[in-house]
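So you can see what is in the structure, the chains are spelled out below.
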Amino acid sequence: MSTTLLSFDPQVYSTPALLKACYRFSDRFVFDVKSESSKIEVHVESRRHDISPEALHLAMQDFRTEVLDQNLREKVRAETESVRNLILAHAFSRTGLVNQ
Amino acid sequence: MSKFQPLTFYDRNGGAGRGAGKPSYELMPFRFTELDPQRFVLSNQAGEYLVLPKKDLYDFAEHRLDATTEAYLDLRSHQFLIDAHTNVAKELLAIKVRTRYERVANFTGLHIFVVTLRCEHSCPYCQVSRQSEDSSAFDMTSEQADAAIDLALRSPSKAIKIEFQGGEPLLNFPLIRYIVAETKRKAQGSRELGFVIATNLAIVTDEVLEFCREEGVCISTSLDGPQDLHNKNRPRTGRDSYQRAISGIKRARDAIGKENVSALMTTTEASLGHVKEIIDEYLALDFKGIFLRPLSPYGFAIKTKSYRAYSVDRWLEFYKEGLDYVIELNRKGIAFREFYASMVLKKMLTFEDPGYVDLMSPAGVALGAIVYNYDGAVFASDEARMLAEMGDDKFRLGHVLENTYEEIFLNETLLEALEASFSYSVPMCTDCAFEPYCGADPVQHWGLQKDFVGRKTESEFCARNMAIFKHLIKLMESDAGIKRLFTTWAQ
């Protein structure tokens, strides 16, 4: 079998984080993401038809870890967005590279 | 310094770094990427990196990291967080970010003049699709050269470097002589001018070397390794490319000084497995380092299938073996460096940018280098003209006799490529801890995937550079001696 269905809690995981994880695995798998109010479903299909169930299982473990990491990145990005923009504005404020 | 705090700082009941409840600190912007199954690499907005166990990173991001730990102190001293003990982190980061991007304001400093496409070598991996020696239709004219000089001198950069490339540029030596004289005359001392001839040295004459000595022109040549390998890679009539290169290097050094003669190698399938012999060749000639370069996917390298002759993994194996050998030489007291690693390390360990076109974001196209081709066409980079010789002139920005400076540098394709490929904001790169060290390379991605950005999961550029960044950091983390050595390479 080269397909599998994963389900994620939207209260915990953001859709952008899931999509970024899918993108990172897009050389090996094809994804279909469906978002509902109670769950986000990710349908995963391997690009290789001869993938073994064990290999698919290991890859899905890696994928879930990637989702966790992407979710954390989203959290850090949201928490630091204003200061990131502040630093960039300060960095280029006297360079003539941006409009005052 | 963070590691010297008053005792009250470590007081778990009353210290400002850690109160009775949740530690009080604010996250600063950072990115992280897996280094290995146990560790992440984190980089801050200015490109400084730290390596942390995965658990520490999660604790840090969830505001659970104990303020008395070494990880906390490292994070704070590198502006990954601010707490009651730090109040200048934002300003410090801003200064570091500004320093890192300083070169962008200087615009294009490197101007490549392809004075001819003719060549007397017939290298199967030639990335510029050279033409035979006798077809003068492939020479730049003095009228085109005049217009190109005017464009080059419009650049706001104080330092202008003009590099003569080919084919074999010495086949049109009179034009080189003309361009050097005219550029100096037109600049009237207002710029710091540098000139380099990229030549295989096979037809170098005493007249050429005397000219280089008088005019302060440097020489960059090709040396692929020991005699057998070099001659196999670089065939010419007489099968004496190596002998001519070695003799040329010696004569050039005598004429213009050792420090003004450099050499570059290209890795072919025949080079694999011989990295130590290649490095030994450079050592024997008393070069101070080597640039271990893979083939680029252009010109005859594609046509003759040289480019596909080895995979990224096989090249990385070659590169890592070479780097190990260079480190071993240094351990024995022989000062020698690998130049690609040195450029990456400069980005990792300092706030300077070495300005290497492939590793620039915004992309190096037109900003890092500009090419005036033999027929007067202007290209956004050396790779862009290589792509054009394959029939794809996507990155042709105009013509020296037909377009103005503004028309060339405000070319829509160029602006679109620069904006679309800015790695700060493209998929995967935007979250990558190595983004500050990497580049956009829209030309290579366009050439291989017909897209300025390219799908990074399928990008050989991404796979190769990610592997190198991780390898360099792992080496530094595993051995303090290597960290010290790499720090000297970065300076």
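The shown structure was predicted, so the numbers you read here are calculated from the model rather than taken from an experiment.

Peer 1: Sorry if this is basic, but what is going on with the overall build of chain B here?
Peer 2: Of the regular secondary structure elements, chain B holds 19 helices and 15 strands. Its C-alpha radius of gyration of 25 Å places chain B within 12% of the 23 Å reference for a compact globule of 491 residues. Judged by the C-alpha coordinates and their principal axes, chain B covers about 85 × 50 × 40 Å. Burial analysis of chain B (491 residues in total) assigns 59% to the buried set.

Peer 1: Before we go on, may I ask you to explain the sheet that holds strand S2 (residues 30–36) of chain B in this structure?
Peer 2: Pairing between sheet strands relies on hydrogen bonds along the backbone, with the strands arranged either parallel or antiparallel. Residue and element names in this part refer to chain B. Reading across the sheet, the three strands line up as S2-S3-S4 and stay open at both edges, with antiparallel pairing between neighbours. Edge strands, defined here as strands with exactly one partner in the open sheet, are S2 and strand S4 (49–53). Pairs of neighbouring strands in the sheet enclose a mean axial angle of 30 degrees, with direction left out of account. Sheet topology places S2 next to strand S3 (residues 39–44); six bridges connect them, and they run antiparallel. In the sheet register, Phe32 faces S3, and the bridge partner there is Leu42.

Peer 1: Before we go on, may I ask you to explain the environment of Ser43 of chain B in this structure?
Peer 2: Residues and elements named next belong to chain B. By the element assignment, Ser43 lies in strand S3. On the accessibility criterion, Ser43 (1% relative accessible area) is buried. Note: C-alpha distance between Ser43 and Ala433 (390 residues apart in sequence) is 5.2 Å. Those residues in contact with Ser43 that sit more than four places away from it in its chain are Phe30, Arg31, Glu48, Tyr49, Phe80, Ala433, Pro436 and Tyr437. Reaching out from Ser43, the side chain makes a polar contact with the backbone oxygen of Ala433 at a distance of 2.7 Å.

Peer 1: Explanation requested: the sheet that holds strand S15 (residues 396–399) of chain B in the structure shown.
Peer 2: All names here are of chain B. Spatial ordering of the open sheet is given by S10-S9-S8-S7-S6-S13-S14-S15, a layout of eight strands whose pairing is mixed. The open sheet terminates on both sides in strands that have one partner only, identified here as strand S10 (261–264) and S15. If you compare each strand with its neighbour and ignore which way they point, the axes differ by 25 degrees on average. In terms of strand pairing, strand S6 (residues 110–114) meets strand S13 (residues 369–372) through four bridges, oriented parallel. What sits directly across from Phe113, in S13, is Tyr372.

Peer 1: Would you mind going over the pattern of salt bridges with me for this structure?
Peer 2: Oppositely charged side chains may form a pair once their charged atoms are brought near each other. For the structure shown, the criterion picks out 40 salt bridges over all chains. Note that Glu41 of chain A and Lys39 of chain A form a salt bridge whose closest N and O atoms lie 3.1 Å from each other. Put simply, Arg48 of chain A and Asp50 of chain A hold a salt bridge, and the shortest N to O gap is 3.1 Å. A cluster of three or more residues bridged by salt bridges with shared partners is formed by Lys20, Glu74 and Arg77 of chain A together with Asp431 of chain B.

Peer 1: Whenever I open this one, the nonpolar core confuses me. Can you help?
Peer 2: For soluble globular proteins, the rule of thumb is that nonpolar side chains tend to be buried together. Core analysis: the largest hydrophobic core is formed by 129 residues, its most contacted members being Phe113, Phe164, Tyr372 and Phe486 of chain B. The element best represented in this core is helix H12 (residues 312–331) of chain B, accounting for ten residues. Each of domain 1 (26–101) and domain 2 (106–409) of chain B contributes no fewer than three residues to this core. Setting aside anything within four residues of it in sequence, one finds Phe113 of chain B in contact with Met140, Ala145, Ala148, Ile149, Ile162, Glu163, Phe164, Gln165, Ile179 and Tyr372 of chain B. Counting residues in hydrophobic clusters, the runner-up holds 21 residues, among them Leu72 of chain A together with Leu42, Ala61 and Leu73 of chain B.

Peer 1: Got a minute to help me understand the packing of helix H1 (residues 15–24) of chain A against helix H2 (residues 53–91) of chain A in this structure?
Peer 2: A pair of packed helices can be characterised by two numbers: the angle between their axes and the separation between those axes. Residue and element names in this part refer to chain A. For the pair H1 and H2, interaxial distance at closest approach is 8 Å and the crossing angle is 130 degrees. Relative to H2, H1 is oriented oblique. Judged by the sense of rotation from one axis to the other, the crossing of H1 with H2 is right-handed. Only Phe63, Glu66, Val67, Gln70, Asn71, Glu74 and Arg77 of H2 make contact with H1, whose side of the interface consists of Pro16, Ala17, Leu18, Lys20, Ala21, Cys22 and Arg24. For the contact of H1 with H2, the residue count by class is seven nonpolar, two polar and five charged.

Peer 1: For this particular structure, what's the right way to read the packing of helix H13 (residues 339–349) of chain B against helix H19 (residues 480–490) of chain B?
Peer 2: Residues and elements named next belong to chain B. Direction vectors running N to C along H13 and H19 enclose 95 degrees, while the axes themselves pass 8 Å from each other. On the basis of the axis angle, H13 is roughly perpendicular to H19. Here H13 contributes Ala341, Ser342, Leu345, Lys346 and Leu349 to the contact with H19, which in turn contributes Lys483, Phe486, Thr487, Trp489 and Ala490. The residue makeup of the contact of H13 with H19, split by class, is six nonpolar, two polar and two charged.

Peer 1: Teacher, can you tell me more about the interface of chain B and chain A here?
Peer 2: You'll often see interface size given as the accessible area lost when the parts meet. With 31 residues of chain B at the interface, the matching set in chain A holds 26 residues. When the buried surface of chain B facing chain A is broken down by residue, Phe32, Arg98 and Asp431 of chain B rank first, second and third, together holding 22% of it. Linking chain B with chain A are two salt bridges, by the criterion used here. When the shortest N-O distance is used, the salt bridge between Asp431 of chain B and Arg77 of chain A registers 2.4 Å. Put simply, chain B and chain A have nine residue pairs in polar contact (both at pLDDT 80 or more) between them. Elements with a contribution of two residues or more to the side of chain B that touches chain A: S2, helix H1 (54–61) and helix H3 (89–100) of chain B.

Peer 1: Hey, could you run me through empty space enclosed by the protein in this one?
Peer 2: By rolling a water-sized probe across the atoms, one finds the places where empty space is left. All names here are of chain B. Across all of its chains, the model carries three cavities of 30 Å³ or more by this definition. Counted as a void, the largest cavity has a volume near 160 Å³. Of the residues forming the lining of the largest cavity, the biggest block, four residues, is contributed by helix H18 (residues 460–478). Tallied by class, the residues present in the lining of the largest cavity amount to nine nonpolar, four polar and three charged. Empty space within the second largest cavity amounts to approximately 120 Å³. Looking at the lining of the second largest cavity residue by residue, the classes come out as six nonpolar, two polar and six charged. In terms of domain composition, the lining of the second largest cavity takes at least three residues from each of domain 1 (26–101) and domain 2 (106–409).

Cut-offs and rules
- Residues numbered from 1 in each chain as written.
- Chains lettered and ligands numbered in written order.
- Predicted model: local features only at pLDDT ≥ 70, side-chain atom pairs only at ≥ 80, totals over all residues.
- Heavy atoms only, no water.
- Helix = DSSP H or I, 4+ residues; strand = E, 2+ residues; numbered from the N terminus.
- Rg over C-alpha atoms; globule rule 2.2 N^0.38 Å.
- Buried < 20%, exposed > 50% of the residue type's maximum accessible area, 1.4 Å probe, protein only.
- Pairing = 2+ DSSP bridges.
- Axes fitted to C-alpha atoms, helices over the stretch in contact; angles between N-to-C directions.
- Contact = heavy atoms within 4.5 Å.
- Polar contact = N/O pair within 3.5 Å; in protein donor to acceptor, adjacent residues only side chain to side chain.
- Salt bridge = Lys/Arg side-chain N within 4 Å of Asp/Glu carboxyl O.
- Core = buried A, V, L, I, M, F, W, Y, C linked by side-chain atoms within 4.5 Å.
- Domains from an automatic or database assignment.
- Parallel < 35°, antiparallel > 145°, perpendicular 65-115°, else oblique.
- Left-handed = near helix turned anticlockwise from the far one by under 90°.
- Nonpolar A, V, L, I, M, F, W, Y, C, P; charged D, E, K, R; others polar.
- Buried area = accessible area lost by both parts, 1.4 Å probe.
- 1 Å grid on protein atoms, 1.4 Å probe; cavity = no way out; pocket = protein on both sides within 12 Å on 5 of 7 lines; lining within 4 Å.
- Points joined across faces, edges and corners; volume = space filled by probe spheres on them.

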